[in-house]
Amino acid sequence: MRYISTRDKEASVSSAQAIEQGLSVEGGLFVPACVPRLPEGALEELCAMNYRQRAVYVMKLFLEDYQVAELTDFVTRAYGPGGFDTPRVAPVRRLDRNTHFLELWHGPTCAFKDMALQMLPYLLTAAVRKNGEERKVCILVATSGDTGKAALEGFADVEGTKICVFYPRDGVSDIQKLQMTSQAGGNVLVCAVNGNFDDAQTTVKEIFSDPAMREELSEAGWMLSSANSINWGRLLPQVVYYISAYCDLVNGQEIALGDAIDFCVPTGNFGDILAGYYAKNMGLPIKKLICASNRNDVLTDFFKTGVYDRKREFHTTISPSMDILVSSNLERLLFHLSGGDDKETAGYMDDLKRTGEYTVSKKIKAAMDSLFAAGTCSDQETKEVIRRAFEEHKYLMDTHTAVACGVLEKYRRETGDDAVTVVVSTASPFKFCGAVLEALGQTPVGAGPELIGQLESASGVSAPEPLRALAGKTARFTDSFDKAQLPDVVRRFLK
Ligand SMILES: *Cc1c(COP(=O)(O)O)cnc(C)c1O
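Procedures and definitions
- Residues numbered from 1 in each chain as written.
- Predicted model: local features only at pLDDT ≥ 70, side-chain atom pairs only at ≥ 80, totals over all residues.
- Heavy atoms only, no water.
- Pairing = 2+ DSSP bridges.
- Helix = DSSP H or I, 4+ residues; strand = E, 2+ residues; numbered from the N terminus.
- Axes fitted to C-alpha atoms, helices over the stretch in contact; angles between N-to-C directions.
- Contact = heavy atoms within 4.5 Å.
- Near = heavy atom within 4 Å.
- Polar contact = N/O pair within 3.5 Å; in protein donor to acceptor, adjacent residues only side chain to side chain.
- Areas by Shrake-Rupley, 256 points an atom, 1.4 Å probe, with all protein chains shown as cover.
- Core = buried A, V, L, I, M, F, W, Y, C linked by side-chain atoms within 4.5 Å.
- Buried < 20%, exposed > 50% of the residue type's maximum accessible area, 1.4 Å probe, protein only.
- Right-handed = clockwise from strand over helix to strand, strands pointing away.

Novice: Got a minute to help me understand the sheet that holds strand β11 (residues 286-293) in this structure?
Specialist: As a general point, the strands of a sheet are linked pairwise by backbone hydrogen bonds and lie either parallel or antiparallel. An order of β4-β5-β15-β10-β11-β14 is seen for the 6 strands of this open sheet, with the pairing classed as mixed. Where the open sheet ends on each side, the last strands, each with one partner, are β4 (92-96) and β14 (372-376). Averaged over all pairs of adjacent strands, the angle between their axes in this sheet comes to 25°, without regard to strand direction. Judged from the 3 bridges that link them, strand β10 (residues 261-266) and strand β15 (residues 421-425) form a sheet pairing that is parallel. For phenylalanine 263, the partnering residue across the bridge sits in β15 and is valine 422. Contacts from helix α12 (residues 271-282) reach β10, β11, β14 and β15, with the element oriented near 170° to β11.

Novice: What am I meant to see in the site of the ligand here?
Specialist: Around the ligand sit 15 residues, and of these Lys113, Asp146, Gly268, Asn269 and Thr426 come closest. A distance of 3.2 Å separates an oxygen atom of the ligand from a polar backbone atom of glycine 271. Aspartate 272 is positioned such that a nitrogen or oxygen atom in its backbone is 2.8 Å from an oxygen atom of the ligand. Relative to its unbound accessible area of 380 Å², the ligand is 98% covered by the protein chains.

Novice: For this particular structure, what's the right way to read the nonpolar core?
Specialist: Burial of nonpolar side chains together is a common tendency in soluble globular proteins. With 144 residues, the main nonpolar core has Phe166 and Phe263 as its most contacted residues. Ranked by the residues each element gives to this core, the list is headed by helix α11 (residues 232-251), at 13 residues. If we ignore the near neighbours within four places in the chain, the residues touching phenylalanine 166 are Leu140, Val141, Ala142, Thr143, Cys191, Val193, Ala200, Val204, Leu486, Val489 and Val490. Residues Ala292, Ile386, Tyr395 and Phe430 belong to the second largest nonpolar core, which totals 39 residues.

Novice: Would you mind showing me how to read the sheet that holds strand β1 (residues 3-5) here?
Specialist: Sheet architecture is open: 3 strands sit in the order β2-β1-β3, paired in antiparallel fashion. The sheet is open, and its two edges are formed by β2 (8-13) and β3 (30-32), each paired on a single side. Ignoring strand direction, the axes of neighbouring strands in this sheet form an average angle of 40°. Where β1 meets β3, 3 bridges bridge the pair, whose relative direction is antiparallel. Pairing of tyrosine 3 across the sheet is with proline 32, part of β3.

Novice: Would you mind showing me how to read the pairing of β11 here?
Specialist: Looking along a regular strand, one sees side chains alternate from face to face of the sheet. With 7 of 8 residues buried, β11 lies mostly within the body of the structure. Here β10 pairs with β11 via 5 bridges, running parallel. Across the sheet, the residue bridging to proline 266 is alanine 292, located in β11. Traced from β10 through α12 to β11, the parallel crossover comes out right-handed. Both β11 and β14 contribute to a ladder of 5 bridges, which runs parallel. In the strand pairing of β14, leucine 289 is matched with phenylalanine 372.

Put into structure tokens, the structure is as follows:
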């Protein structure tokens with residue numbers, strides 16, 4: 001299967017090339033030229049498999065130039081007991097009859113980014129080999145918190161690669177910051193950026209689309225690639241867990257095979273929920289994808305009005321991984337919903353760049369209305385949700401998951417939809433101890449990893465091992481930079 005760019009359909013590449021390049025040269029994102037359908041009887045077969053087998057099955061449908069044996073080796077290494085604390089990898093937990101949590105934080109960095117970033121290094125280094133590429137690969141990452149650590153953990157000491165992570169200096173939690181700045185590995189660099197996530201992301205995109213910079217690095221033996229969710233190799237492993245969750249509900253007799261369910265997804269860059277959109281297009285019975293935002297509600301407004309307007313105040317919230325005003329992966333959705341119109345998609349992106357907003361066609365808006373719902377949850381409501389779920393069900397959730405839960409409650413009240421719903425749970429509550437403690441009515445004493453013990457005693461739940469191990473670690477990387485300095489930072493790193 002070929003991959004094409006959202007801004008130029010003629011730019012068609014193999015899956016290995018799409019994964020190696022990350023972003024198409026004219027700035028578009030790679031999408032499959034046509035989304036493969038699950039063959040007749042596939043869901044039954046998938047129900048009988050474990051997570052790793054499901055991952056091989058689903059990924060193979062999209063990756064013609066990878067062998068089954070290769071993918072089997074990758075999933076064994078990516079989702080093995082060394083990294084994940086449960087053989088189920090992405091377990092589904094029941095809250096009540098129609099509400100279930102898909103827990104995507106059992107990996108090494110305790111957030112859902114591990115689902116993709118434990119896999120990406122294998123997909124990427126294999127792609128480089130397949131393409132006969134002789135240069136080494138430098139991964140550039142802009143992170144709102146969780147991607148950075150997950151990418152560092154995935155790429156640390158991977159031969160033939162270096163990885164450089166930029167995070168907004170004041171936009172990540174203390175634990176997230178320490179997770180990144182204490183990263184081990186001889187091929188890693190972590191930099192704070194004076195600005196917010198969008199500043200970091202925009203600058204990384206500019207570095208990628210600067211031909212002179214690429215040329216210069218190429219002469220020095222380096223090519224750039226991306227571990228952000230704009231890379232197809234990031235998105236694809238995420239399609240797997242939608243299908244896997246559905247199979248788990250069938251196996252647990254919560255639903256019958258063929259029943260349509262809803263997914264509610266805490267959303268930032270629109271990667272996670274977009275993977276759900278691909279799963280639906282493969283034929284997974286999904287009725288609604290509910291897009292949950294925090295106070296940065298640009299997506300909620302977009303789904304309501306069809307106008308994407310980034311010209312608004314940026315808010316720092318207790319769910320920092322969703323503090324985003326420009327959701328890159330939306331471009332892929334627009335491309336698909338326009339019927340694969342690259343000129344139309346490029347036009348929207350150009351409007352966004354020039355004027356800070358765009359308005360989608362009636363056709364796209366109608367398709368959005370039938371597939372998606374959207375809503376917003378404030379910090380105050382988020383804390384309420386955490387408190388109530390803990391009091392009523394003894395279920396402890398993090399702030400991002402709680403945003404999704406809060407939006408789901410409102411959606412159910414407004415629409416009367418009571419379909420079985422999977423809430424995508426994206427982080428361990430122990431990554432955001434301060435806010436979770438406050439939600440439980442406690443006053444946090446101390447900061448960062450010091451709070452882990454306090455939350456353990458307040459909740460009676462044990463923290464994941466990788467977070468406990470943070471106590472006593474110190475930062476290796478302490479520098480912060482202005483946006484304009486970042487290209488030079490990359491040059492020096494690759495000297
Ligand atoms: C990244 C992240 C999100 C948002 O996911 P997107 O794919 O960017 O929409 C939500 N929750 C957590 C904990 C995250 O790390």
